[in-house]
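Per-entry structural report
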Amino acid sequence: MDGLAADVLAGVADEVRRCVLCPLHRGRLNAVPGEGRADAEIMFIGEGPGEDEDLQGRPFVGRSGKLLTEALEAAGLRREDVFITNVVKCRPPGNREPTPEERNICTKSYLFRQIDAVNPRLIVLLGSVAVQTLLNISSVTAVRGRAFEKGGRRFFVTFHPAAALYNPANRDIFFHDIKKAKELADSLKSFPRQSRLV
Ligand code: SF4
């Protein structure tokens, strides 16, 4: 385990829990910095905390999170071996999408530092808000299941697990995508990791 990365992540988490940089801090019960291995090969980025996450202060612990955990296990990944977080760390009121300004403040203040610290081989973007924010692509449907390289980082795009909860076809696609992402990350193991987030 990379002690320096773990220290950086702990520092970011501390700042997130006290953060008042954007209006989303007003409605939160708990900020949700993210969790997982400091030296994870794969990092998962969703949209923002929902009700369960806000209650517990942990990412992806509600029904969507359960589905994500199942998909990880089906792909041969353990949840504790990856790093899981969101574009914004506080729950938007009524589960609305975070605004571009909220996303911008939160990613610049925290998410990019987390990516830099973990330095994963692959970043899996879960759903349209993550895809818009990290890749500037408006439609997840058009690019789902595809890998991208940007700023020296490798990304893989799939649905947010919420989109797969009530739709068996999407569920199969989501599970298949997570397996594909794992295989892609495995295939990158012979290459050195990037040293910096650009
Ligand atoms: S969403 Fe991000 S920037 Fe906004 S208050 Fe929470 S931690 Fe701070």
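Refer to the structure presented above.
In this report, we go over the structure that sits alongside the text. (Residues numbered from 1 in each chain as written. Predicted model: local features only at pLDDT ≥ 70, side-chain atom pairs only at ≥ 80, totals over all residues. Heavy atoms only, no water.)

**Some words on the layout of surface pockets**
Defined as follows: A pocket, in this scheme, is an open set of points on a 1 Å grid over the protein atoms alone with protein on both sides within 12 Å along at least 5 of 7 lines, while a cavity is a set where a 1.4 Å probe fits but cannot get out; residues line either one if an atom lies within 4 Å of a point. Grid points are joined across faces, edges and corners, and a volume is the space filled by probe spheres set on the points. The numbering of helices and of strands both runs from the N terminus, where a helix is a DSSP run of H or I of at least 4 residues and a strand a run of E of at least 2. Here the term charged refers only to Asp, Glu, Lys and Arg, the term nonpolar to Ala, Val, Leu, Ile, Met, Phe, Trp, Tyr, Cys and Pro, and the term polar to all other amino acids, Gly among them.
There is about 520 Å³ of room inside the largest pocket. Surrounding the largest pocket, 26 residues form its lining, Gly48, Gly50, Ser64, His160 and Ala162 being those nearest its centre. Listing elements by their share of the lining of the largest pocket, those giving two or more residues are helix H2 (51-56), helix H3 (63-74) and helix H5 (128-135). Here the lining of the largest pocket is composed, by residue class, of 11 nonpolar, nine polar and six charged. In this structure, the second largest pocket occupies an estimated 180 Å³ of space. Pro120, Arg121, Glu149, Gly152, Arg153, Arg154, Leu188, Phe191, Pro192, Arg193 and Gln194 are the residues that line the second largest pocket. Along the lines of polarity and charge, the residues of the lining of the second largest pocket split into four nonpolar, two polar and five charged.

**What to know about the pairing of strand S6 (residues 153-158)**
The side chains of a regular strand alternate, first on one face of the sheet and then on the other. We count it as follows: Each residue's exposure class comes from its accessible area (1.4 Å probe, protein chains only) as a fraction of the maximum for that residue type: buried when under 20%, exposed when over 50%, partly exposed otherwise. At least two bridges found by DSSP between two strands is the condition for calling them paired.
Here S6 lies mainly inside the structure; five of its six residues are buried. As defined by bridge partners, strand S5 (residues 147-150) adjoins S6 across four bridges and the pair is classed as antiparallel. Residue pairing in the sheet places phenylalanine 148 in a bridge with phenylalanine 155 of S6. Between S5 and S6, which follow one another and run antiparallel, lie two residues, and glycine 151 among them has a positive phi close to 55 degrees.

That's the geometry; what it means functionally is another story.
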